[in-house]
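A look at the structure
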Amino acid sequence: MASWSEFATAEPELASAIRALLQQYGPGMGYLATVRPDGGPRVHPVSPVITDQGLYCFVVESAKRRDLERDGRFALHSYPPEESDDEAYLTGHARPVTDQPTITHLSDTLRASPAVDWRLFELTIETAMLRRHGPAGALPLAMSLRFPPITLTWHAPTPSTSPTPRPATSTTTVSLVTPTRPRNTAPLLQAPTTKPATPTGPHAEQPANTPRFATTRT
């Protein structure tokens, strides 16, 4: 697992794009999936908080908070943008924040009411994903070869027995900019420009409109 700051240090461009989607409407907004006691999924809208230090979430007394207190695994998905179908997705493990200065600073900054039963969690990251669908959108029938979707994925480094932690590695292999192709390119499938030679010989194939066996009348 990695903190948001570790992820942002390893992949600043990807982290910035994911943060923009989570905060596209001003305050953070997303769908949080947790694990129910029977192992099934539970999904709730939440307001994640992203700072230079970490990714946090204030969670009031609820089924999702009991899920996180019992089993910290989570998945966080961004809200759909109005102008595109781009999406951000994070998975990892949530842990209650016990550092009082951090709790006080975030609660004062965000005006978390002391009269509400909330608890602050930090969401550490195992996987981060950004998917750009391009101008064609996410509908399968709207996709085209001109604007194929692009997926960028980052995985936190696995724990190492070495006293020096390994830097985070990325599986990102393409640009964040959706590639385009010139509009005047030739089609992928094109009819031949020359007429194939007509085969000759006693066993040559006859044209489609000519009988295979001709007869003469005597």
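Let us look at the structure shown here.

Criteria and cut-off values
Throughout, a residue's number is its position along its own chain's written sequence, starting from 1. Totals for whole chains, interfaces and linings use all residues, but because this is a predicted model, local features are given only for residues with pLDDT of at least 70 and pairs of side-chain atoms are given and counted only at 80 or more. Heavy atoms from the whole structure form the basis of all side-chain values; hydrogens and water molecules are not counted. Between Lys or Arg on one side and Asp or Glu on the other, a salt bridge is scored when a side-chain nitrogen of the former is within 4 Å of a carboxyl oxygen of the latter. Relative accessible area decides the class of each residue, using a 1.4 Å probe on protein chains only: under 20% of the type maximum gives buried, over 50% gives exposed, and in between gives partly exposed. A run of H or I in DSSP counts as a helix once it spans at least four residues, and a run of E counts as a strand once it spans at least two, with each numbered from the N terminus. Strands are treated as partners if at least two bridges between them are detected by DSSP. The reported arc concerns the directions from the helix axis to the C-beta atoms and nothing else. Throughout, a residue-residue contact means that at least one pair of heavy atoms, one from each residue, lies within 4.5 Å. To pair, rings of Phe, Tyr and Trp, with the six-membered ring standing in for Trp, must have centres within 6.5 Å; the planes then decide the type, stacked if under 30 degrees apart, edge-to-face if over 60, and tilted in the middle.

Looking at the pattern of salt bridges
The full count for this structure, using the stated rule, is eleven salt bridges. The salt bridge involving Glu61 is made with Arg65; its shortest N-O contact spans 3.0 Å. Owing to a relative accessible area of 39%, Glu61 belongs among the partly exposed residues under this scheme. A salt bridge links Arg132 to Asp86; the nearest nitrogen and oxygen atoms lie 3.0 Å apart. In this pair, Arg132 is assigned in strand S7 (residues 118–132) and Asp86 in the loop between strand S5 (73–78) and strand S6 (87–96), connecting sequence segments 46 residues apart. Taken as a pair, Arg132 and Asp86 share a single burial class, namely buried.

Considerations on unusual backbone geometry
Of note, Arg111 is a non-glycine position whose phi angle comes to about 60°, a positive value. Residue classification places Arg111 among the exposed positions, given a relative accessible area of 76%.

Examining the pairing of strand S1 (residues 30–35)
Sheet analysis places S1 next to strand S2 (residues 41–46), joined by six bridges and oriented antiparallel. Pairing of Ala33 across the sheet is with Val43, part of S2. What sits between S1 and S2 in their antiparallel hairpin is a turn of five residues, with Gly39 showing a positive phi close to 90°. Across four bridges, the pairing between S1 and S5 is antiparallel.

A look at helix H3 (residues 63–70)
When we look at burial in H3, the residues that qualify are Lys64, Arg65, Asp67 and Leu68. Taken end-on, H3 shows its buried residues confined to a sector of 155°, consistent with a single buried face. Contacts from the buried residues of H3 go to S1, S2, strand S4 (55–60), S5, S6 and S7.

Here we look at the packing of aromatic side chains
Counting across every chain of the model gives four aromatic pairs. Ring geometry for Phe7 against Trp154: centres 4.8 Å apart, planes inclined by 45°, an arrangement best described as tilted. Linking Phe7 in helix H1 (residues 4–10) with Trp154 in strand S8 (residues 150–155), this pair joins segments that are 147 residues apart in sequence. For Phe7, a relative accessible area of 0% corresponds to the buried category. Taken together, a centroid distance of 4.6 Å and an interplanar angle of 25° make the contact between Tyr31 and Tyr79 stacked. Taken together, the positions of Tyr31 in strand S1 and Tyr79 in the loop between S5 and S6 put the pair 48 residues apart, joining distant regions of the chain.

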